[in-house]
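# Residue-level structural notes
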Amino acid sequence: MKHWRIEDVAWDRFDPAKADPELVPLVKAAAMVERNGTDYAIYLNRVFAEDPDFRQAADYWAEEEVQHGDALGRWAMLADPSWDYLAAFARYKAGFKLPLDAEASIRGSRTGELIARCMVETGTSSYYSALADATKEPVLQQICRHIAADEFRHYKLFYDHMRRYLARENISLLRRLSIAAGRIGESEDDELAYAWHCGNEPDGLPFERAKCTAAYMGPAMAFYRFRHVERGMGMVFKAVGLKPRGRLSDLSAKAAWRLIQWRRHRFAARLAE
Ligand SMILES: [Fe+2]
Ligand SMILES: [Fe+2]
């Protein structure tokens, strides 16, 4: 059973005057990535071929991710009636390919795969929490709250399975840290930038990665508040097996916060060029 349904959203409360124009392109891009969850479930089904419980959980997880895409897509079409969610997604899917034929995790182990999934859910839960806190538009706020709650549950799902695999695979702390850091770094790879391109630029315009990364990451980073980063850092620490609350996680959260501010200005400068 899903925890909420698209029909539960109070769509008739949509208030166009409160739909922040800075936010609409981000919602369009996020809708693409979310809807692509089914492809990721195909990959997870291969990587965890001998684990029917996890495979079932992954299929269910993907359904929730697709619903995130559909809800965000529907909202973006209210905010911009000229926009076509499914057409934009078709372009995205044609151009962005996950390694669907993989026989094993691209992270080197199943524990590693699940740590990487925890990083993604850390990122999404903090992002939708930040968007919900930032927007005054009541429908988007409601959608983002629902989605953020799902993303926190997804983190817990992957975390619990990760603990099970860790007991078997015994991956070192250093390796776990490097997988986590690697996956966080990938947030500036093609997945989001290409989604921004397909969601916001006309068909036929070539994909310029640096420009699209700046166009997505710059404004996205502006919606974060320190509390989102602090909570996210605790989740990162927990996933790799470090104490989620303490001096080290505090210092890391402060460093990450400064890094985000610095990156945000760099992206803005790049866009202005
Ligand atoms: Fe999601
Ligand atoms: Fe998720």
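Anyway, here's the lowdown on the structure attached to this text. (Residues numbered from 1 in each chain as written. Chains lettered and ligands numbered in written order. Predicted model: local features only at pLDDT ≥ 70, side-chain atom pairs only at ≥ 80, totals over all residues. Heavy atoms only, no water.)

Let us now look at the coordination of the iron ion (ligand 1). Distances from the iron ion (ligand 1) to its protein donors, E34 (OE), E34 (OE), E65 (OE), H68 (ND1) and E151 (OE), fall at 1.9 to 2.7 Å. Going along the chain, you hit the donors of the iron ion (ligand 1) in the pattern E-x30-E-x2-H-x82-E. A distance of 3.6 Å spans the gap from the iron ion (ligand 1) to the iron ion (ligand 2), which E65 bridges by coordinating each metal. Placement of E34 in helix α1 (residues 24-35) and of H68 in helix α3 (residues 52-79) is noted, with a sequence separation of 34 residues between them. There is no split in this pair, since E34 and H68 are both buried. (Donors = N, O, S within 2.8 Å, 3.2 Å for Na, K, Ca; no water. Helix = DSSP H or I, 4+ residues; strand = E, 2+ residues; numbered from the N terminus. Buried < 20%, exposed > 50% of the residue type's maximum accessible area, 1.4 Å probe, protein only.)

Once that is clear, we can look at helix α11 (residues 247-272). Here α11 spans 38 Å end to end across 26 residues, near enough to the 38 Å set by a 1.5 Å rise per residue. Looking at α11, one finds that the buried residues are S249, A253, A256, I260, Q261, R263 and F267. Residues of α11 that are buried make contact with α9 (209-222) and α10 (226-240). (Expected span 1.5 Å × (residues − 1). Contact = heavy atoms within 4.5 Å.)

On the surface, L173, L174 and L177 cluster together to form a nonpolar patch covering roughly 270 Å² of accessible area. Tracing the sequence through the fold places L173 in helix α7 (residues 173-185). (Patch = residues over 30% accessible without salt bridge, like charges linked within 9 Å, V, L, I, M, F, W, Y side chains within 5 Å. Areas by Shrake-Rupley, 256 points an atom, 1.4 Å probe, with all protein chains shown as cover. Salt bridge = Lys/Arg side-chain N within 4 Å of Asp/Glu carboxyl O.)

What follows deals with the packing of α10 against α11. The interhelical angle for the contact between α10 and α11, taken along N-to-C directions, is 130°, at an axis separation of 9 Å. As summarised for this structure, α10 and α11 are arranged oblique, according to the angle between their axes. The interaxial crossing formed by α10 with α11 has right-handed handedness. The residues of α11 that touch α10, namely those facing F226, V229, E230, M233 and F237, are L248, S249, D250, S252, A253, K254, A256, W257 and I260. The residue inventory of the contact of α10 with α11, partitioned by class, reads nine nonpolar, two polar and three charged. (Axes fitted to C-alpha atoms, helices over the stretch in contact; angles between N-to-C directions. Parallel < 35°, antiparallel > 145°, perpendicular 65-115°, else oblique. Left-handed = near helix turned anticlockwise from the far one by under 90°. Nonpolar A, V, L, I, M, F, W, Y, C, P; charged D, E, K, R; others polar.)

Within the protein, the atoms that donate to the iron ion (ligand 2) are E65 (OE), E121 (OE), E121 (OE), E151 (OE) and H154 (ND1), at distances of 1.9 to 2.7 Å. Binding-site remark: the iron ion (ligand 2) is held by donors from one chain whose sequence spacing is E-x55-E-x29-E-x2-H. In this structure H154 comes out as buried when scored by relative accessible area, which is 3%.

For the rest of this paragraph, the subject is helix α6 (residues 138-169). Here α6 spans 46 Å end to end across 32 residues, near enough to the 46 Å set by a 1.5 Å rise per residue. Capping the start of α6, E137 holds a side-chain oxygen 2.9 Å from the backbone nitrogen of V139, two or three residues further along. Looking one or two residues past α6, N170 carries a phi angle of roughly 55°, positive in sign. (Polar contact = N/O pair within 3.5 Å; in protein donor to acceptor, adjacent residues only side chain to side chain.)

Bringing the packing of α9 against α11 into the picture now. In contact at an axis separation of 8 Å, α9 and α11 are set at 135° when each is read in the N-to-C sense. Classified by the angle their axes make, α9 and α11 are oblique. By crossing handedness, the relation of α9 to α11 is classed as left-handed. Packed against α9, whose contacting residues are A210, K211, T213, A214, A215, M217, G218, M221 and A222, the element α11 presents I260, R263, R264, F267, R270 and L271 at the interface.

A complete count under the given rule lists 17 aromatic pairs for this structure. An angle of 80° between the planes, with centres 6.1 Å apart, marks the rings of F226 and W257 as edge-to-face. Here W257 lies in helix α11 and F226 lies in helix α10, a separation of 31 residues in the sequence. Here a set of aromatic residues connected by ring pairs shows up, and it is made of Y40, Y43, F48, F54, W61, F158 and Y165. When the ring centre of W11 is taken as origin, the NZ or CZ atom of R74, which lies over that ring, is 4.3 Å away. The ring centre of F152 lies 4.0 Å from the NZ or CZ of R231, which sits over that ring. (Phe/Tyr/Trp six-rings, centres within 6.5 Å; stacked < 30°, edge-to-face > 60°. Lys NZ or Arg CZ within 6 Å of the ring centre and 35° of its normal.)

Attention shifts here to the pattern of salt bridges. Under the definition given, this model contains 19 salt bridges. Ionic pairing is found between D15 and K18, a salt bridge with its closest N-O pair at 3.8 Å. The class for K18 is partly exposed, based on a relative accessible area of 43%. K156 serves as the salt-bridge partner of D160, at 2.6 Å between the closest nitrogen and oxygen. One end of the pair is D160 and the other is K156, both in helix α6 and four residues apart, which spans about a single turn. Three or more residues joined by partner-sharing salt bridges are found here, namely R107, R183, E186 and E191.

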